[in-house]
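Secondary and tertiary structure notes
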Amino acid sequence: MSCYALTGYSGGGKKLISEYQNSNKEQLFAPRHYALNLNHKHLPEMQLYSGLSAAPLFTPIVGNYYQGDAVSIPLFPRIFNKNVTARNIQEMLASYYKDDRFVRVAPFDSEAYLEVGFFNLMQCNHTNYLDIFVYGQKDQILLVSRFDNLGKGASGAAIQNMNIMLGFDENSGLD
């Protein structure tokens, strides 16, 4: 299993934010891979919550923009125990999240969510939404999610979890 994520530099903390905001280094203009020692701090939780027997190969990439995150997971139907299509996966995710206020599953293989053929990973910025997309053909499936790494990825998730733990409406303070 593998996963790659493209994220804004705010996820790197104060030092990285300062580097991007106070520098004219040419190398900062292009996306940069990091954690190439393949020992990223999120690997244990990725393995735990995905149910994998081993940690995935995770490739994080930081881009020259402040916030927004896109996580992509390629799937290969040939390794599944049963015949599964991209459309099956989209339908399963749409059914599972149909009543979740902050998780939106896009229609299968929808070009309507692209901007002139490109995926806008900052579309969820300043929201608590997580958008999930499924693209694919017979032999390849790609799951893509986008969220605001400062909202859903951090503070929004903390507020949502606090609300649940305290018995409040899960959505309180997140509109």
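Residues numbered from 1 in each chain as written. Predicted model: local features only at pLDDT ≥ 70, side-chain atom pairs only at ≥ 80, totals over all residues. Heavy atoms only, no water.

**Here we look at helix α3 (residues 86-96)**
Our working rule: Buried means the residue's accessible area, taken with a 1.4 Å probe over protein chains only, is under 20% of the maximum for its type, while exposed means over 50%, and partly exposed covers the values in between. Note on conventions: DSSP H or I runs of at least 4 residues are helices, E runs of at least 2 residues are strands, and numbering of each starts at the N terminus. The arc refers to the directions leading from the helix axis to the C-beta atoms. A contact between two residues is defined here by any heavy atoms of the two lying within 4.5 Å.
Those residues of α3 that fall on the buried side of the exposure criterion are Ala86, Ile89, Gln90 and Leu93. Buried residues in α3, looked at end-on, bunch into an arc of 100°, giving them a common side. Where α3 is buried, its residues contact β4 (69-75), β5 (103-105), β8 (130-136) and β9 (141-147).

**Let's talk about the pattern of salt bridges**
Quick reminder of the rule: Salt bridge, as applied in this entry: a Lys or Arg side-chain nitrogen positioned within 4 Å of an Asp or Glu carboxyl oxygen.
If you walk through the whole model with that rule in mind, you get four salt bridges. The partner of Lys25 in a salt bridge is Glu19, with the nearest N and O atoms 3.8 Å apart. Judged by relative accessible area, Lys25 falls into the partly exposed class, the value being 40%. By relative accessible area, which is 26% here, Glu19 ends up partly exposed. Between Asp131 and Arg104 there is a salt bridge, with its nearest N and O atoms 2.6 Å apart. With Asp131 in strand β8 and Arg104 in strand β5, this residue pair connects regions lying 27 residues apart in the sequence. With relative accessibility at 6%, the residue Asp131 sits in the buried group. Three or more residues joined by partner-sharing salt bridges are found here, namely Arg104, Asp131 and Arg146.

**Considering the environment of Pro44**
Locating Pro44 in the fold gives a position in helix α2 (residues 43-50). Judged by its relative accessible area of 55%, Pro44 falls in the exposed class. Sequence-wise, Pro44 and Val71 are 27 residues apart; in three dimensions their C-alpha atoms are separated by 17 Å.

**Describing the sheet that holds β8**
Test applied: Paired strands are those between which DSSP finds at least two bridges. To obtain an axis, a line is fitted to C-alpha atoms, over the contacting stretch when the element is a helix, and the angle between two such axes runs from 0 to 180 degrees between their N-to-C directions.
Here seven strands make up an open sheet; going across it, the order is β2-β3-β1-β4-β9-β8-β5 and the pairing mixed. Unpaired on one side and paired on the other, β2 (32-33) and β5 mark the two borders of the sheet. Across two bridges, the pairing between β2 and strand β3 (residues 57-63) is antiparallel. Within β3, the residue paired with Arg32 across the bridge is Val62. Contacting β4, β5, β8 and β9, α3 runs over the sheet at an angle of about 160° to β8.

**Considerations on the nonpolar core**
Across soluble globular proteins, you tend to see nonpolar side chains buried next to one another. In plain terms, the rule: Side-chain atoms within 4.5 Å link the members of a nonpolar core, which is a set of buried Ala, Val, Leu, Ile, Met, Phe, Trp, Tyr and Cys residues.
Ranked by size, the top nonpolar core spans 19 residues in total, and within it Ile89, Leu93, Ile132, Val134, Ile141 and Leu143 carry the most contacts. At the level of secondary structure, the elements contributing two or more residues to this core comprise β1 (2-8), β4, α3, β5, β8 and β9. Listed in part, the six residues of the second largest apolar core include Leu16, Ile17, Tyr20 and Leu28.

**Things to note about the pairing of β4**
Counting buried residues along β4, six of its seven residues qualify, which places the element largely inside the surrounding structure. Bridging between β4 and β9 involves seven bridges; their strand directions are antiparallel. Following the sheet pairing, Val71 is matched in β9 by Ser145.

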